[in-house]
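One-letter residues, chain by chain:
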Amino acid sequence: MTRTLYLVRHGEQVDAEHGIPDGSLSPRGERQAKAIAERLSGIPFNAAWHSPLRRAEETVRVMTDMMPSLESQPSSLLLDCLPTGRVDGMPEVYNSYFDSYTEDEIDAGRAQMEDATAEFLGHQGDQHELIVTHNFVIAWFVREVMDAPEWRWLGINQANCGLTIIQQRPGRPWSLLVHNDLSHLPVELRTGLPEAILG
Ligand SMILES: O=C(O)[C@@H](CO)OP(=O)(O)O
């Protein structure tokens, strides 16, 4: 009974650099989605879920067009959110990051991530499962399976249509098999990381 979870950040959104909260995939985002679909085409997925935001839905639509046996369900637990606010032990350098968020947004994000962790990481099974979601949600899942401090989702980043794989084998804790693998993406399709380390 080994459970393998494939975590994919959606493709690039049109006008992403303008900070628009939801939107369609850019032409580059569509190419990224095709590349991740090709990369995962041999995996016998038993289940798939995605964020209901348009950039994630469109990524999944490209994937299901190319992978006819794949069926994905939307889940509001996978919407983009802020997993925590300022927490104990967080390096001071991150303090100002939270200035533009309200307490309500922070509380809602924390509650959502608690429920998402229980829903998607809290059970065992012999399965290959796909999740298409957002940068912070994947960072939170990676932090969770590594049992790292709460603030540690900060600084864990995934590129658009980068591939992260976590796995739980019977009687063992989760393993991080692959993080933000971009080998299926030519250099011009590597977008969405905060630093210039994409080449
Ligand atoms: O805005 C961002 O940087 C991230 C946060 O999760 O969202 P998305 O993956 O939707 O681009």
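Residues numbered from 1 in each chain as written. Predicted model: local features only at pLDDT ≥ 70, side-chain atom pairs only at ≥ 80, totals over all residues. Heavy atoms only, no water.

- An unreviewed UniProt entry annotates the chain as Putative phosphoglycerate mutase of Lysinibacter cavernae.

**Examining the overall build of the chain**
Part 1: For the chain, the helix and strand inventory stands at four helices and six strands.
Part 2: Relative to the 2.2 N^0.38 estimate, which gives 16 Å for 199 residues, the radius of gyration of the chain is 16 Å and therefore close to what a compact globule would have.
Part 3: Projected onto its principal axes, the C-alpha coordinates of the chain cover approximately 45 × 45 × 30 Å.
Part 4: Residues classed as buried in the chain amount to 51% of the 199 residues present.
Part 5: Total accessible area computed for the chain in this model is approximately 9,800 Å², and 48% of it derives from carbon and sulfur atoms.
Part 6: Looking at charge distribution, the chain has the averaged site of its 16 positive side-chain charges lying 7 Å from that of its 29 negative ones. (Helix = DSSP H or I, 4+ residues; strand = E, 2+ residues; numbered from the N terminus. Rg over C-alpha atoms; globule rule 2.2 N^0.38 Å. Buried < 20%, exposed > 50% of the residue type's maximum accessible area, 1.4 Å probe, protein only. Areas by Shrake-Rupley, 256 points an atom, 1.4 Å probe, with all protein chains shown as cover. Lys, Arg positive; Asp, Glu negative; His and termini not counted. Charge placed at Lys NZ, Arg CZ, Asp CG, Glu CD.)

**Some words on the pattern of salt bridges**
Part 1: Evaluation of the coordinates by the stated rule reveals nine salt bridges.
Part 2: Here E129 ties to R3 by a salt bridge, and the two come within 2.7 Å at their closest N and O atoms. Pair noted here: E129 is in strand β4 (residues 127-133) and R3 is in strand β1 (residues 3-9), with a separation of 126 residues, a long-range link.
Part 3: Assessed through its relative accessible area of 0%, E129 is described here as buried.
Part 4: Between D22 and R55 there is a salt bridge whose closest N-O contact spans 3.4 Å. A residue pair is termed long-range when its members are at least 10 positions apart, and D22 in the loop between β1 and α1 (27-40) and R55 in helix α2 (residues 54-66) qualify at 33 residues. (Salt bridge = Lys/Arg side-chain N within 4 Å of Asp/Glu carboxyl O.)

**A word on the site of the ligand**
Part 1: As a structural note, the neighbourhood of the ligand is formed by R9, H10, R55, D80, H134, N135 and F136.
Part 2: Within the side chain of D80, one N or O atom sits 2.6 Å away from an oxygen atom of the ligand.
Part 3: Here an oxygen atom of the ligand and a backbone polar atom of F136 are 2.8 Å apart.
Part 4: In the complex, the protein chains occlude 75% of the 310 Å² of accessible area that the ligand would expose alone.
Part 5: Residue composition of the shell around the ligand, by class: one nonpolar, three polar and three charged. (Near = heavy atom within 4 Å. Polar contact = N/O pair within 3.5 Å; in protein donor to acceptor, adjacent residues only side chain to side chain. Nonpolar A, V, L, I, M, F, W, Y, C, P; charged D, E, K, R; others polar.)

**Here's the deal with the packing of aromatic side chains**
Part 1: Counted under the stated rule, the structure contains nine aromatic pairs.
Part 2: Taken together, a centroid distance of 5.9 Å and an interplanar angle of 45 degrees make the contact between Y97 and Y101 tilted.
Part 3: Judged by relative accessible area, Y97 falls into the partly exposed class, the value being 33%.
Part 4: What makes Y101 partly exposed here is its relative accessible area of 29%.
Part 5: Arranged with centres 6.4 Å apart and planes meeting at 55 degrees, the rings of F120 and F141 form a pair that is tilted. Separated by 21 residues along the polypeptide, F120 in helix α3 (residues 103-121) and F141 in helix α4 (residues 135-145) bring together distant segments of the chain. Summarising the burial analysis for this pair, F120 and F141 share the class buried.
Part 6: Among the aromatic residues, ring-to-ring pairing joins Y97, F98, Y101, F136 and W153 into one connected group. (Phe/Tyr/Trp six-rings, centres within 6.5 Å; stacked < 30°, edge-to-face > 60°.)

**Looking at the nonpolar core**
Part 1: In this structure, F120, I131, F141 and W153 are the most contacted members of the largest nonpolar core, which totals 31 residues.
Part 2: For this core, the elements supplying multiple residues, two or more each, are β1, β2 (47-50), α3 and α4.
Part 3: Take this core: its biggest share by element is eight residues, from α4.
Part 4: The residues contacting W153, other than those within four sequence positions of it, are L82, P83, T84, Y97, F98, F136, A139, W140 and R143.
Part 5: By size, the runner-up hydrophobic cluster in this structure holds 17 residues, among which are Y6, A37, A48 and A56. (Core = buried A, V, L, I, M, F, W, Y, C linked by side-chain atoms within 4.5 Å. Contact = heavy atoms within 4.5 Å.)

**Notes on a negative patch on the surface**
Part 1: On the surface, E103, D104, E105 and D107 cluster together into a patch of negative charge.
Part 2: By the element assignment, E105 lies in helix α3. (Patch = residues over 30% accessible without salt bridge, like charges linked within 9 Å, V, L, I, M, F, W, Y side chains within 5 Å.)

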